[in-house]
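Descriptive structure summary
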Amino acid sequence: MKDIFILLFRSKRFIVGFVLFLAVLSFAIIGPMLNPKNPFQMVGGLFTPPSDKFILGTDNLGRDVFTQLMYGTRTSLLIGCTAGVIATSIGVTIGSIAGYKGGIVEEILMGITNVFITIPSIVVLILLSIAIKTRSAAVMGLVIGVTSWPWTARAVRAQTASLKTREHIDIARITGFSSIEMIVLEILPYMFSYIFMAFILQFSGGILNEATLSMLGLGPYQTVSLGVMLHWSLLWEAVRTGAWWAFIPPVICLSMTTFSLMSMNSSMDEVFNPRLRRS
Amino acid sequence: MKNPFVRYLFQKLLWYILAFFIAVSLNFFLPRLIPGNPVAVIVNQMATGGTPSEALEKLYATYMREFGLDKPLYVQYFNYLRNILRWDLGTSFMLYPGKVNGLIGRALPWTIALQIPAILSGWIIGNLLGAYSAYKGGRFDSVAFTLSLVFSNIPYYCLAIVFLYLLAVKFAIFPVGGGYSFGTVPTLSWRFIVDAIHHYILPYCSMVLVAIGGQAIGMREMSIYELTSDYVNYARNLGIRDEKIIRYVFRNAMLPQITGLAISFGTMMGGALVTESVFSYPGVGSLLFTAIRQTDYPLIQGCTLIITIAVLVANFLVEIAYGFIDPRIRAVQLGEK
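Criteria and thresholds
Residues numbered from 1 in each chain as written. Chains lettered and ligands numbered in written order. Predicted model: local features only at pLDDT ≥ 70, side-chain atom pairs only at ≥ 80, totals over all residues. Heavy atoms only, no water. Helix = DSSP H or I, 4+ residues; strand = E, 2+ residues; numbered from the N terminus. Buried < 20%, exposed > 50% of the residue type's maximum accessible area, 1.4 Å probe, protein only. Contact = heavy atoms within 4.5 Å. Areas by Shrake-Rupley, 256 points an atom, 1.4 Å probe, with all protein chains shown as cover. Lys, Arg positive; Asp, Glu negative; His and termini not counted. Charge placed at Lys NZ, Arg CZ, Asp CG, Glu CD. Core = buried A, V, L, I, M, F, W, Y, C linked by side-chain atoms within 4.5 Å. Salt bridge = Lys/Arg side-chain N within 4 Å of Asp/Glu carboxyl O. Buried area = accessible area lost by both parts, 1.4 Å probe. Polar contact = N/O pair within 3.5 Å; in protein donor to acceptor, adjacent residues only side chain to side chain. Patch = residues over 30% accessible without salt bridge, like charges linked within 9 Å, V, L, I, M, F, W, Y side chains within 5 Å. Expected span 1.5 Å × (residues − 1). pLDDT = per-residue confidence, 0-100. Axes fitted to C-alpha atoms, helices over the stretch in contact; angles between N-to-C directions. Parallel < 35°, antiparallel > 145°, perpendicular 65-115°, else oblique. Nonpolar A, V, L, I, M, F, W, Y, C, P; charged D, E, K, R; others polar. Phe/Tyr/Trp six-rings, centres within 6.5 Å; stacked < 30°, edge-to-face > 60°. Lys NZ or Arg CZ within 6 Å of the ring centre and 35° of its normal. Left-handed = near helix turned anticlockwise from the far one by under 90°. Arc of directions from axis to C-beta.

A count of helices and strands for chain A gives 12 helices and zero strands. Order of helices (α) and strands (β) in chain A, N terminus to C terminus: α-α-α-α-α-α-α-α-α-α-α-α. Taking the principal axes of its C-alpha atoms as reference, chain A extends roughly 75 × 45 × 30 Å. Classification of the 279 residues of chain A by burial places 54% in the buried group. When contacts within chain A are restricted to residue pairs at least 6 apart in sequence, long-range pairs at least 24 apart make up 70% of them. For chain A, the accessible surface area stands at approximately 12200 Å², while carbon and sulfur atoms represent 68% of it. A distance of 4 Å separates the average location of the 20 positive side-chain charges in chain A from that of its 14 negative side-chain charges.

A tally of helices and strands in chain B yields 13 helices and zero strands. From first element to last, N terminus to C terminus, chain B shows the α and β order α-α-α-α-α-α-α-α-α-α-α-α-α. Of the contacts made within chain B by residues no fewer than 6 positions apart, 74% connect residues no fewer than 24 positions apart. In the structure as shown, chain B presents an accessible area of about 16800 Å², 68% of it carried by carbon and sulfur atoms.

A few words on the environment of Leu216(A). In this structure, Leu216(A) sits in the loop between helix H10 (192–215) and helix H11 (226–235). Along the sequence, Leu216(A) and Ile126(A) sit 90 residues apart, while their C-alpha atoms lie 8.9 Å from each other. Contact partners of Leu216(A), with chain neighbours within four places excluded, come to Ile126(A), His231(A), Val274(B), Leu288(B), Phe289(B) and Ile292(B).

What follows deals with the nonpolar core. A general feature of soluble globular proteins is that nonpolar side chains tend to end up buried together. Of all hydrophobic cores here, the largest spans 143 residues; its most connected members are Val278(B), Leu288(B) and Ile307(B). Among the elements that line this core, the one with the most residues is helix H12 (residues 297–325) of chain B, at 14 residues. Setting aside residues up to four positions removed in sequence, Val278(B) forms contacts with Met215(A), Leu234(A), Arg240(A), Tyr157(B), Ala160(B), Ile161(B) and Leu164(B).

Residues and elements named next belong to chain A. You will see that Gln 222, though not glycine, has its phi angle at about 50 degrees, which is positive. Mapped onto the elements, Gln 222 comes out in the loop between H10 and H11. Classification of Gln 222 as exposed rests on a relative accessible area of 65%. A positive phi angle, near 55 degrees, is found at Glu 237, a position not held by glycine. Here Glu 237 is to be found in the loop between H11 and helix H12 (244–272).

This part covers the pattern of salt bridges. All names here are of chain B. For the structure on display, the rule yields eight salt bridges over all chains. Taking the shortest distance from any N to any O, the salt bridge between Lys 12 and Glu 319 comes out at 3.2 Å. Placement of Lys 12 in helix H1 (residues 4–29) and of Glu 319 in helix H12 is noted, with a sequence separation of 307 residues between them. Here Lys 12 falls in the partly exposed class, since its relative accessible area comes to 25%. Notably, a salt bridge pairs Glu 243 with Arg 241, separated by 3.4 Å at the nearest N-O pair.

Contact with chain B, which involves 61 residues of that partner, is made by 48 residues of chain A. Between chain B and chain A, the buried area comes to about 4600 Å², and carbon and sulfur atoms account for 76% of it. Here chain B is connected to chain A by zero salt bridges. Counting every contact that joins chain B to chain A gives five residue pairs in polar contact (both at pLDDT 80 or more). Where the side of chain B that touches chain A is concerned, the elements lending two or more residues are H1, helix H5 (100–136), helix H6 (138–152), helix H7 (156–170), helix H8 (190–227), helix H10 (242–278), helix H11 (284–293) and H12 of chain B.

Turning next to a nonpolar patch on the surface. Residue and element names in this part refer to chain A. Residues Ile 97, Ile 104, Val 105, Ile 108, Ile 112 and Phe 116 make up a contiguous nonpolar surface patch of roughly 490 Å² in combined accessible area. No other element matches the five residues that helix H4 (residues 103–118) contributes to the nonpolar patch. With respect to the secondary-structure elements, Phe 116 resides in helix H4.

This next bit is on H12(B). With 29 residues, H12(B) extends 42 Å from end C-alpha to end C-alpha; this agrees with the ideal 42 Å at 1.5 Å per step. Among the 29 residues that make up H12(B), 22 are buried, leaving the element largely enclosed by the rest of the structure.

Moving on: the confidence of the model for chain A. Confidence in the prediction of chain A, expressed as mean pLDDT, is 87, and 97% of residues score 70 or more. The least confident element of chain A, judged by mean pLDDT, is helix H1 (residues 2–10) of chain A at 76; the most confident is helix H3 (residues 65–101) of chain A at 93.

So, about the packing of H12(A) against H6(B). Between H12(A) and H6(B), the least distance of the axes is 9 Å, while the angle of their chain directions is 135 degrees. Comparing their axes, H6(B) and H12(A) come out oblique. Contact with H12(A), carried on its side by Phe259(A), Ser263(A) and Ser266(A), involves Phe145(B), Leu149(B) and Val150(B) of H6(B) and no other residues of that element. Partitioning the contact of H12(A) with H6(B) into residue classes produces four nonpolar, two polar and no charged.

So, on to the packing of aromatic side chains. Taken as a whole and judged by the stated rule, the model has 18 aromatic pairs over all chains. With a centroid separation of 5.8 Å and an interplanar angle of 80 degrees, the aromatic rings of Trp244(A) and Trp245(A) are classed as edge-to-face. Exposure remark for Trp244(A): the relative accessible area of 35% places this residue in the partly exposed category. On the basis of relative accessibility, which here comes to 8%, the residue Trp245(A) falls in the buried class. Aromatic pair Tyr132(B) and Phe140(B): ring centres 5.1 Å apart, planes at 85 degrees, arrangement edge-to-face. In this structure an aromatic cluster arises from ring pairing among Phe28(B), Phe29(B), Tyr77(B), Phe78(B) and Tyr80(B). In this structure, Arg63(A) packs its charged tip against the face of Trp232(A), placed 4.1 Å from the ring centre. Looking at Arg220(B), its charged tip hangs above the ring of Phe145(B), at a distance of 4.1 Å from the centre.

Let's shift gears to the packing of H7(B) against H8(B). Residue and element names in this part refer to chain B. Packing of H7 against H8 brings their axes to within 9 Å, and their N-to-C directions diverge by 140 degrees. The angle between H7 and H8 falls in the class oblique. Crossing handedness for the pair H7 and H8: right-handed. Residues Tyr 156, Leu 159, Ala 160, Phe 163, Leu 164, Leu 167 and Ala 168 of H7 form the contact with H8, whose own contacting residues are Leu 202, Cys 205, Ser 206, Met 207, Leu 209, Val 210 and Ala 211.

Moving on to helix H7 (residues 150–163) of chain A. Helical geometry note: an α-helix holds 3.6 residues per turn, so side chains three or four residues apart project in the same direction. Residues and elements named next belong to chain A. Compared with the 20 Å implied by 1.5 Å per residue over 14 residues, the 20 Å span of H7 between its first and last C-alpha is a close match. Three or more residues of H7 are buried, namely Pro 150, Thr 152, Ala 153, Val 156, Thr 160 and Leu 163. For H7, the arc enclosing every buried residue in end-on projection is 145 degrees, short of the 170-degree limit, so these residues lie on one face. The inward-facing, buried residues of H7 contact H3, H4, helix H6 (137–147), helix H8 (167–174), helix H9 (179–187) and H10.

This is the structure we're talking about:
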């Protein structure tokens, strides 16, 4: 375990991703604590450019963009994390059961998985979102989570199927472990790094899905998120009126978050997958 | 059925039909979870707009009939399926009495013309770039890889917003949106085509750059795997020229990338739809954006249906191509002949 961290922190890309992510995270957590304001409060004129009073100016309704950005980043991270946890849990459960059990169970579970991989998830997301009128951030995380597990399930199944042929599995089976004990005690611990990487992918995917839905106008109800900020910019023509302070900050926050997560993911891939490493 | 290739296609086709059926059912049932009678909600919305009451009653009757809300759910469901097979997607709320088919029919060519070239060219360039940077290594590799990582992680619409602001608003090089200049009528004249291309460049570029990045990363990874494999070492030791080895590596690494192409049709969809609405491009994405803003359920359902069909058809075509290209599937076919 210690070796892994040494290897990870030897990778420049991991450090860059890690530091960027910490920066975004602390901005989203500490920011609203130090500066508890209502992001919906109208405090100035509409589309006021950045000044001493408003670091990032105001939006179309005279609301402080900097305050929105802090709360928005927090909401986006929260939704992404919720979605990531849910999607990874469902994916790991289905994938490991299918991979370990094999036979008809595998056929059925993977059949379902493949059908939901084929149906574009954005369609299911849109339909679910219009069906739920008052979407809180948690509900949005849940909705995104239950639609994005199939990729994880497929990958975990493949891993489980290859782990299953190892010797320690046979020994454990002789000892009389049940299937659930086998999966939880003998299979999942061996793919912990893999599951963690899948979680990071789902986390970043969840943030992007939130932004996509919110930009289409299906964002969390009475909450500001990065996607909601961008939606407002589109709706009230901030881009075409040149009010860059209303949309460039959320664009940067969003890209920075996904970039940091993905660069951590890809450098972890290199560490756990020595064949990708080249010295 | 003797021919394994036909069997392969048939099997795939069955899966796609199943997926389509499930998607259509979701398309029917999910919006019906909305509490209350959607027709009453819409008619009330219009009533506040000051529409005379006779017209409202007519409207109410139209939608009650179309939704068949007075009938049991399973009858509604079969009506819905029948209407889809007849390609009758109902009447739009916001553009009453405009038909959803007509609205989507006008938007779809723009979306296809924007997305297919963007995805395909992004895929081709990305694969070449990824393979080359895996082969080349060193400085080129690390620069190309970092750039790909950066671009592939910028959501399409973020890049779109930045492009729109910098290249159309700040420096007015490109138009600020739309598919063609305001006031012109789409015709096949030279002037219109030039105008349409001028409007096309920004949305196209914002999508293609992200696509190149994503594909390049995948291809680079696959190529590195192949380049360090035993057959490559063996070929090198035999003294086979690098160009020849590269061809082998490229072909092997390409195979998973073809599946990657199928995936990108589905995963790019959401971002691509939003990109359209950023540029007010007259495609399905902008239509969906307006439909959601106006809570126009028939139009939303029409858009989600057409998106599903488009993605399923694209995926199926890629699978057919895969069947042709993958030597393992082809070999079985030749072997049995």
